[in-house]
Amino acid sequence: MRPAEARLEGSDVLAKLRDLDETAIPTSPAPSSVECGPHSDEGVEFHWAVQGAAAEDAREYAARAVTVLKAAGFSTNRTTSETNDERPLYDIGGESLSGAQVTLSASALNTVLQVSSACADGEAADFG
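This text gives an overview of the structure that appears in the document. Only a predicted model underlies this, so the values are computations on that prediction, with no experimental measurement involved.

Criteria and cut-off values
Residues numbered from 1 in each chain as written. Predicted model: local features only at pLDDT ≥ 70, side-chain atom pairs only at ≥ 80, totals over all residues. Heavy atoms only, no water. Disulfide = S-S within 2.5 Å. Helix = DSSP H or I, 4+ residues; strand = E, 2+ residues; numbered from the N terminus. Core = buried A, V, L, I, M, F, W, Y, C linked by side-chain atoms within 4.5 Å. Buried < 20%, exposed > 50% of the residue type's maximum accessible area, 1.4 Å probe, protein only. Contact = heavy atoms within 4.5 Å. Pairing = 2+ DSSP bridges. Axes fitted to C-alpha atoms, helices over the stretch in contact; angles between N-to-C directions. Expected span 1.5 Å × (residues − 1). Arc of directions from axis to C-beta. Polar contact = N/O pair within 3.5 Å; in protein donor to acceptor, adjacent residues only side chain to side chain.

### Some remarks on the state of the cysteines
Chemically, a disulfide is nothing more than a covalent bond linking the sulfur atoms of two cysteines. Following the criterion strictly, the structure yields one disulfide and no others. The disulfide that involves Cys 36 links it to Cys 119, with 2.0 Å between the sulfurs. Residues Cys 36 and Cys 119 are joined through a disulfide that is right-handed, its torsion about the S-S bond being 90 degrees. Taken together, the residues Cys 36 in the loop between β1 (32-35) and β2 (44-52) and Cys 119 in the segment after β6 (111-116) connect sequence positions 83 residues apart.

Spelled out as structure tokens, the structure:
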């Protein structure tokens with residue numbers, strides 16, 4: 001996979017999740033680039049991390065996020081737990097066929113999204 005393809009896949013899924021609720025995912029930050037693969041000069045991976053406000057209805061937002069991820073070709077898993085103050089916390093994980101990964105947590109307190117692209121050919125230093 002080329003770096004541009006890996007970066008585009010990650011930024012596209014981030015944009016689709018942001019479209020669901022712009023207060024939950026308030027920005028589309030530039031990704032950081034890190035080395036991946038067995039040797040430091042063999043691959044580059046892109047990472048995005050965003051923290052936003054709580055969605056109006058965290059459960060419904062999480063359900064819509066699962067739908068968006070599945071439509072984008074990600075396998076998904078969803079779990080529900082509780083925050084320290086016993087409110088529901090909805091966690092969603094997803095992975096694409098290329099190896100890109102998404103983790104989304106939504107609660108009445110906030111929304112946290114992390115996206116990691118697939119490992120692509122290239123060096124992280126070229127994208128820093």
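### Observations regarding the nonpolar core
Judged by nonpolar contacts, the single largest core of 30 residues is most densely connected at Leu 17, Tyr 61, Val 102 and Leu 113. Of all the elements in the fold, those that place two or more residues in this core are α1 (3-20), β2, α2 (58-71), β4 (88-95), β5 (101-107) and β6. With seven residues, the single largest contributor to this core is α2. Setting aside residues no more than four positions away along its own chain, Leu 17 makes contact with Ile 25, Tyr 61, Ala 65, Val 68, Leu 69, Val 102 and Leu 113.

### Notes on the sheet that holds β6
The six strands lie next to each other as β1-β2-β6-β5-β4-β3, forming an open sheet whose pairing is antiparallel. If you trace the sheet from one side to the other, it starts and ends with β1 and β3 (75-82), each paired once. Put simply, the sheet's adjacent strands are angled 15 degrees from each other on average, direction ignored. When β1 meets β2, the two strands line up antiparallel, connected through four bridges. The residue bridging Glu 35 from the neighbouring strand is Val 44, located in β2. Along the sheet face, α1 touches β2, β5 and β6 and points at about 15 degrees away from the line of β2.

### Focus on α1
Think of an α-helix as 3.6 residues a turn; residues three or four steps apart then line up on the same face. For α1, with 18 residues, the first-to-last C-alpha span of 27 Å sits near the 26 Å given by 1.5 Å per residue. Taken residue by residue, α1 has Pro 3, Ala 6, Gly 10, Val 13, Leu 14, Leu 17 and Leu 20 as its buried positions. Take α1 and look down its axis: the buried residues cluster within an arc of 135 degrees, on one side only. Opposite its buried face, α1 presents the exposed residues Ala 4 and Asp 19, each directed more than 90 degrees away.

### Considering α2
Helix length check: α2 (14 residues) gives 20 Å between terminal C-alpha atoms against 20 Å at 1.5 Å per residue, within 8%. Buried within α2 are the following residues: Ala 58, Tyr 61, Ala 62, Ala 65, Val 66, Val 68 and Leu 69. The buried side chains of α2 occupy one side of the element, clustering within an arc of 165 degrees when seen end-on. Exposed positions of α2 whose direction lies more than 90 degrees from the buried face are Arg 59, Thr 67, Lys 70 and Ala 71. Each element contacted by the buried residues of α2 is listed here: α1, β3, β4, β5 and β6. The N-terminus of α2 is capped by Asp 57, whose side-chain oxygen sits 3.2 Å from the backbone nitrogen of Arg 59. Looking at the residues trailing α2, positive phi occurs at Gly 73, about 90 degrees.

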